[in-house]
Amino acid sequence: MAAPAPNVNPNQLVRYVIQIDAMQDTDSIGQVRQLLTELKLLVDRIEPGEVEVAVTHPDAPGQDDIREALLGAGFSVQNITTQTG
């Protein structure tokens, strides 16, 4: 698994907001939700083009892991933003 973003306390809740342009219909939203859940991420919010997930433990997937998993499923990630707290 990739290391957490710099300046992130490993005991702190981390959220990733992920932009995925190709995620626009019910099927693609369902596929992305299932994939992220399989990565042990908590899907807080999902809507066309954007998903927000929470990481609850320090060994959870990082941005590179998320991007790689989505790309492997045919979804290109435009941006991932990290939020702490």
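Our subject is the structure that appears above.
Described below are features of the structure shown in this document. (Residues numbered from 1 in each chain as written. Predicted model: local features only at pLDDT ≥ 70, side-chain atom pairs only at ≥ 80, totals over all residues. Heavy atoms only, no water.)

For the rest of this paragraph, the subject is the overall build of the protein. When you go through the protein residue by residue, the secondary structure sums to two helices and four strands. For the protein, the succession of helices and strands along the chain, N to C, is β-α-β-β-α-β. By residue count, 36% of the 85 residues in the protein fall in the buried class. For the protein, the proportion of contacts with a sequence separation of at least 24, taken over those separated by at least 6, is 70%. With an accessible surface of roughly 4900 Å², the protein has 47% of that area assigned to carbon and sulfur atoms. (Helix = DSSP H or I, 4+ residues; strand = E, 2+ residues; numbered from the N terminus. Buried < 20%, exposed > 50% of the residue type's maximum accessible area, 1.4 Å probe, protein only. Contact = heavy atoms within 4.5 Å. Areas by Shrake-Rupley, 256 points an atom, 1.4 Å probe, with all protein chains shown as cover.)

Time to look at the pattern of salt bridges. For the structure shown, the criterion picks out five salt bridges. When salt bridges that share partners are traced, they join R15, D44, R45, E47, E50 and E52 into one network. (Salt bridge = Lys/Arg side-chain N within 4 Å of Asp/Glu carboxyl O.)

Attention shifts here to the environment of A69. Counting through the fold element by element, A69 comes out in helix 2 (residues 63–72). Separated by 34 residues in the primary sequence, A69 and L35 have C-alpha atoms spaced 7.7 Å apart.

Along its 13 residues, helix 1 (residues 26–38) runs 18 Å from first to last C-alpha, staying within 8% of the 18 Å computed at 1.5 Å per residue. For helix 1, the complete set of buried residues consists of S28, I29, V32, L35 and L36. Along the axis of helix 1, the buried positions cluster into a sector of 130°, meaning they face one direction only. In this structure, helix 1 carries T26 and D27 as exposed residues pointing more than 90 degrees from its buried face. Contact partners of the buried residues in helix 1: strand 2 (42–47), strand 3 (50–55) and helix 2. One or two positions beyond helix 1, positive phi appears at K40, with a value near 70°. (Expected span 1.5 Å × (residues − 1). Arc of directions from axis to C-beta.)

It is worth spelling out the side chain of E52 at this point. Within the element layout of this structure, E52 appears in strand 3. Overall, the relative accessible area of 15% leaves E52 in the buried class. Discounting chain neighbours no more than four positions away, the residues touching E52 are R15, Y16, V17, L42, V43, D44, R45 and Q83.

Honestly, it's all geometry; don't read function into it.
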